[in-house]
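# Reading the structure
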Amino acid sequence: MANSVIGDWECIPRSYEVTKNFLQSFHTFDHPLKLSTVTMVDSKGTRVSLGSNSSSRSSSISLLNDPLLLTLDGTDPLSQFARQEQELIDPLTQMASEYVRGTFQKSKNKKREKDFSLADDSFNWNAKRLSILNKFTTSEKLSISTSFLSVGNAGTGTDAIKVHTVVSDKLKFRLEQLDDFGDTSIRHLMDLTQQDYIQRIEQLNQELVQSWHNDQRVKALKIAIQCSKILSDTSVLSFYPSQFVLITDILDIFGKLVYERLKQKAYSGPESSRKLNTECARDTCQNWFFKVASIRELLPRLYVEIAILKCYEFLNECSYEDILQRLTLMIRGIGDPLIAVYVRCYLVRIGATVTSTKEYIYNNFKDFLTVYHMIFAGSIRSELNRQRVDMTKYLSLYGPAVNFILQAVAYKNNLYTEEILKQVKTIKNNGPILMAILQAFMSEFIAARALEIVQLLSQSHTEGISKSQLFRALGLSMAVCAPLCEERSEFLKEAFLTINTFTDPSEYITCVETWSQFIANNFPINETNRLLHEIITRLSSTKICEKHFQQLHNILDKILENQKNIELLVIQESFLPFLNLFHKDAMKSEACKRILIIYKRNSHEYTTDAGVISALMYVGKILNDSLTALTVADEKRQISHLISNFIRKVYFGRDLECQLSFYVEARGTFSNLDTVYGTLVQNVNKLAMEAYSIVHDNQTRKTQAFVKACIAFSFITIPSISCICQQMDLYMLSGQVALVNQCMGQADACFEAALNLITELPTALEIDGKVKSMDSYVVSYLSNMLATLVVVPDSPEEGVLHLLRLLLEVIQKFSFATNSLGPVTVYLNVLDMLYVQSLENFPYHITGVISNDELYGRDPKFLNEVNNLCVYVVEKILQQLKQLGVEQQYKMQTILSLELMLRIIRYANLDKEQTFQLALNLWLLARKHESLLDVKHFPRIVRAIENIYNLTKDTNTKRAQSLQQFMEHINHK
């Protein structure tokens, strides 16, 4: 079949105008994926809406015939998920329903109090529990004294669980329980590790709950009492705050069990018996408080009564304010200040759930101030020496309790805060309390009295609390709320008069770490520069820096986050020297990465300042030099994107030569990153196009030389990129830019280099664990190349269509996948391009570029070369068709046969007998396996041929006759 067409192919000129067929468009007001809703009117005149939410009566009506849509109940997956979410209770609906339920319950219980502000989520003890348990740990041995952790099951088995319906039997049973758990049965568990201790406490918790559910109320009370007694043990001081958290968790559960039991008694049953039930609940409640009052020791009596404090609501004659004041006074009987302050903390925490008054909280704090001097007494110091606990550690034990009390007293109002501050001024060794005030009081309160407080801190001298700790806490508060603008300078000066006296580098750096955010956010850049200079001076030693890398990183991060002008920051004289304090490469790289991240987010659209560019080039070079062969791909990708973003933001306006010089410098600086090289090539090509847009068609010798320099930059840079695909894409782009700027030699070089790289492409790539063939990329790339080569004029030094000939060579060298349509698709596109080369006027041109239509003017020799190449291409396609037949790929063979036939009809002269016969043979070959294609496929082909005939019958009678003859043959056969 190939031999019949050799020497017979002749491209014919187009004898009709090409018109574009636009898709028919129309206005719409609904999204195409929106579910249709049909409104039907029944015989009664009632409108029935049919859709996704239609009733079951109308659900049987099928509106959508698509089986997939029917599977999804008429909705797409996203709409289905949205509908499911709507069926769930959203947060607002849930809150509303809870409010309704709450209102209903309040109507049942008019004596129940509302939720108080102190119980708000932002003031919740649960938020502090975990931090206390994590902070206050110990490696020392612990001990527990209890009656309820025996190995046996005495008193806890099924034998002990009895149903007592008679009052006398119930009383007898509870007396037996009291005898069983007398003081003589207490066992002492010694030498427990912290983990063992926590497990034993959890066992007590489970035992309490189990006893309660087994109707062993007395046993549950005894467990609560013994747990409370544990809090009198301070033999391991460093663990006491965590011990307090663990025990009060058990007491909270006990209090909840008692309260829920009383509530059930009071509000269960019919309305007719409600009054009787309420009286019964009141009697039971009184009985509980009588039992608590009979506890001999003060500490467990206090803890257990506080635990069931909420139950007082069942006693009508009681006032929470009076009860809380009474308990506050009772705590004065506890001699150990540490134990007493945690009892006060528990009282405040439980009291906040029953009343919004703060008077009792203030009284508790005043009582703490009264005994505050005992913390530094000789007896306490002796115990600290015995346990080998220093004063700093001991004072930190008071922190959670005192902080909580002060947070409670200052929460949402400053009723007592001013008075507390006045009292603290008069107290000796007031450092711990000042620390608690700075941490607990509102930052607005501290900011309003900033000068007063900084003087107070400067004059404070407390053993165990350094001034660096106090000023660090003050810095944290200032970062949240700054003083008034007119006071800030004086305040900063007063604060750093003390901070600069810290001789210990650790104290100094941990303190200024918190002040860096305040300074960067509220002062001019010179103050930040001064702070950095002071840090550099104090931490000039390598050994000191290594101890404080994390603090230095935090300081840098806070300054970057809060400094509004990042460009102004990086050019400060102390900024880059501060960066050099990070002696470890990993830490310095992280710091540099953070700088470029903030620069990407907060900088202006373009950077023109030479100082900023130089500083960021230095930062980028550090990142580039930190990359090694062991660096992971994600790290390289992140650094590449940050540096590329910086390169894209550098802009010198119309100073194009300076811009190109910057790109040359960047190429030498960032030598390890393919992405950065790609960005540089893209930007240089963009620079060349900017020069073109400035001069348009009026190229001068100077602008022409500049554009050639840009193309040369790209041509030299692209081979340094490791990815072959990226190289090919950039060569193509650079060649197109050169072509637009009429640099024909450079364009030819780029296109030739791109085509030569095809042979180096791998046949497949592994992407996300899946092997993907490169055939589709090669076909797409060569199609783009052919579209570009249409307007590329032939070089005088090379033959006719030399780049196209090179393309045909590399197609044969690339290994396409088996049964791939890639080669045939490319050959068909080459046939399209060759036909365009035979036209008198090409369909598109580039301004200023003389393409082959003007260069040759349909010269017979040129047309002869085109026809010969067409013969060669058709021969290659026929070889592929034959191979498909051998491999029994009949469907692909049929499709390609029709594609080639259509091109012969459009481009070739059918008056030539061999050409006519070839087209007819291709039609017959396709008809052999017509059943493999869609039934509409062949009719569409026939209509396409008829359309060509209709376009040519009035302009080219001879060709029209050939087409008519061809249509008669195919219709007949």
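Residues numbered from 1 in each chain as written. Predicted model: local features only at pLDDT ≥ 70, side-chain atom pairs only at ≥ 80, totals over all residues. Heavy atoms only, no water.

The protein carries the name VPS35 endosomal protein sorting factor-like in an unreviewed UniProt entry, which gives Glossina austeni as its organism. Taken directly from UniProt, the Subcellular location (unreviewed entry) text for the protein runs: "Endosome". Under the UniProt heading Sequence similarities (unreviewed entry), the note attached to the protein is "Belongs to the VPS35L family." (UniProt positions renumbered as here; feature names shortened; annotations may be inferred.)

The next thing to look at is the overall build of the protein. In terms of helices and strands, the protein carries 44 helices and six strands. Looking at the protein residue by residue over its 973 residues, the buried ones come to 47%. Nonlocal contacts in the protein, meaning residues at least 24 apart in sequence, comprise 73% of its contacts between residues at least 6 apart. When the accessible surface of the protein is split by element, carbon and sulfur atoms take 52% of a total near 49300 Å². (Helix = DSSP H or I, 4+ residues; strand = E, 2+ residues; numbered from the N terminus. Buried < 20%, exposed > 50% of the residue type's maximum accessible area, 1.4 Å probe, protein only. Contact = heavy atoms within 4.5 Å. Areas by Shrake-Rupley, 256 points an atom, 1.4 Å probe, with all protein chains shown as cover.)

As defined by bridge partners, strand β5 (residues 764-767) adjoins strand β6 (residues 770-773) across four bridges and the pair is classed as antiparallel. Within the sheet, the bridge partner assigned to Ile 767 lies in β6 and is Lys 770. Where β5 folds back onto β6 in an antiparallel hairpin, the turn is made up of two residues, including Asp 768, whose phi is positive at roughly 55°. (Pairing = 2+ DSSP bridges.)

In this section: the environment of Ser 235. On the secondary structure map, Ser 235 appears in the loop between α7 (217-230) and α8 (240-267). Relative accessible area serves as the criterion here: at 34%, Ser 235 is assigned to the partly exposed category. Through-space distance from the C-alpha of Ser 235 to that of Glu 383 is 9.0 Å; in sequence the pair is 148 residues apart. Once residues lying within four places of it in the same chain are set aside, the contact partners of Ser 235 are Arg 386 and Gln 387.

With that settled, consider empty space enclosed by the protein. Going through the model one piece at a time under the given rule, you end up with three cavities of 30 Å³ or more. Taken together, Leu 789, Val 792, Pro 793, Asp 794, Leu 801, His 802, Leu 803, Leu 804 and Met 833 make up the lining of the largest cavity. Tallying contributions element by element places helix α37 (residues 802-813) first for the lining of the largest cavity, with three residues. The residue makeup of the lining of the largest cavity, split by class, is seven nonpolar, one polar and one charged. (1 Å grid on protein atoms, 1.4 Å probe; cavity = no way out; pocket = protein on both sides within 12 Å on 5 of 7 lines; lining within 4 Å. Points joined across faces, edges and corners; volume = space filled by probe spheres on them. Nonpolar A, V, L, I, M, F, W, Y, C, P; charged D, E, K, R; others polar.)

Another point: helix α38 (residues 822-837). Here α38 contains 16 residues, and its C-alpha end-to-end distance of 23 Å stays within 8% of the 22 Å for a straight helix at 1.5 Å per residue. For α38, a buried count of 13 out of 16 residues is recorded, marking the element as mostly surrounded by other parts of the structure. (Expected span 1.5 Å × (residues − 1).)

Where helix α21 (residues 485-499) contacts helix α22 (residues 505-522), the axes come no closer than 12 Å and their chain directions differ by 170°. As judged from the angle between their axes, α21 and α22 are roughly antiparallel. Once α21 is placed against α22, the crossing between them reads as left-handed. Contacts between α21 and α22 involve Arg 488, Phe 491, Leu 492, Ala 495, Phe 496 and Ile 499 from the first element and Tyr 508, Cys 511, Val 512, Trp 515, Phe 518, Ile 519 and Asn 522 from the second. In terms of residue class, the contact of α21 with α22 is made up of 11 nonpolar, one polar and one charged. (Axes fitted to C-alpha atoms, helices over the stretch in contact; angles between N-to-C directions. Parallel < 35°, antiparallel > 145°, perpendicular 65-115°, else oblique. Left-handed = near helix turned anticlockwise from the far one by under 90°.)

Over its 18 residues, α22 extends 25 Å from the first C-alpha to the last, a length consistent with the 26 Å expected when each residue adds 1.5 Å. At Trp 515, α22 is deflected by roughly 35°, the largest bend along its length. Packed against the buried residues of α22 are α20 (467-480), α21, α23 (525-538) and α25 (549-562). Between a side-chain oxygen at the N-terminus of α22 and the backbone nitrogen of Ser 506 the separation is 3.1 Å; the capping residue is Asp 504. (Bend = angle between axes of the 7 residues up to and from the residue. Polar contact = N/O pair within 3.5 Å; in protein donor to acceptor, adjacent residues only side chain to side chain.)

The next thing to look at is the packing of helix α4 (residues 126-135) against α8. For the pair α4 and α8, interaxial distance at closest approach is 8 Å and the crossing angle is 135°. One finds that α4 runs oblique with respect to α8. The handedness of the crossing between α4 and α8 is left-handed. From α4, Arg 129, Ile 132 and Leu 133 reach across to α8, where they touch Pro 241, Ser 242, Val 245, Leu 246 and Asp 249. The residue inventory of the contact of α4 with α8, partitioned by class, reads five nonpolar, one polar and two charged.

All right, on to the nonpolar core then. Within soluble globular proteins, side chains that are nonpolar tend to cluster in buried spots. Formed by 303 residues in total, the largest nonpolar core has its most connected members in Phe 254, Tyr 394, Leu 474, Trp 515, Ile 535 and Met 901. A domain-level breakdown of this core finds at least three residues from each of domain 1 (122-147 + 187-375) and domain 2 (889-972). Aside from chain neighbours lying at most four places away, what touches Met 901 is Ala 919, Leu 922, Trp 923, Ile 941, Ile 945 and Phe 966. (Core = buried A, V, L, I, M, F, W, Y, C linked by side-chain atoms within 4.5 Å. Domains from an automatic or database assignment.)

The subject of this paragraph is the environment of Ile 308. Mapping Ile 308 onto the fold places it in the loop between α10 (298-307) and α11 (320-331). Residue class for Ile 308 comes out buried when judged on its relative accessible area of 1%. Separated by 51 residues in sequence, Ile 308 and Leu 257 have C-alpha atoms that sit 9.1 Å apart. Excluding residues that lie within four positions of it along the chain, Ile 308 makes contacts with Phe 254, Gly 255, Val 258, Trp 288, Phe 289 and Val 292.

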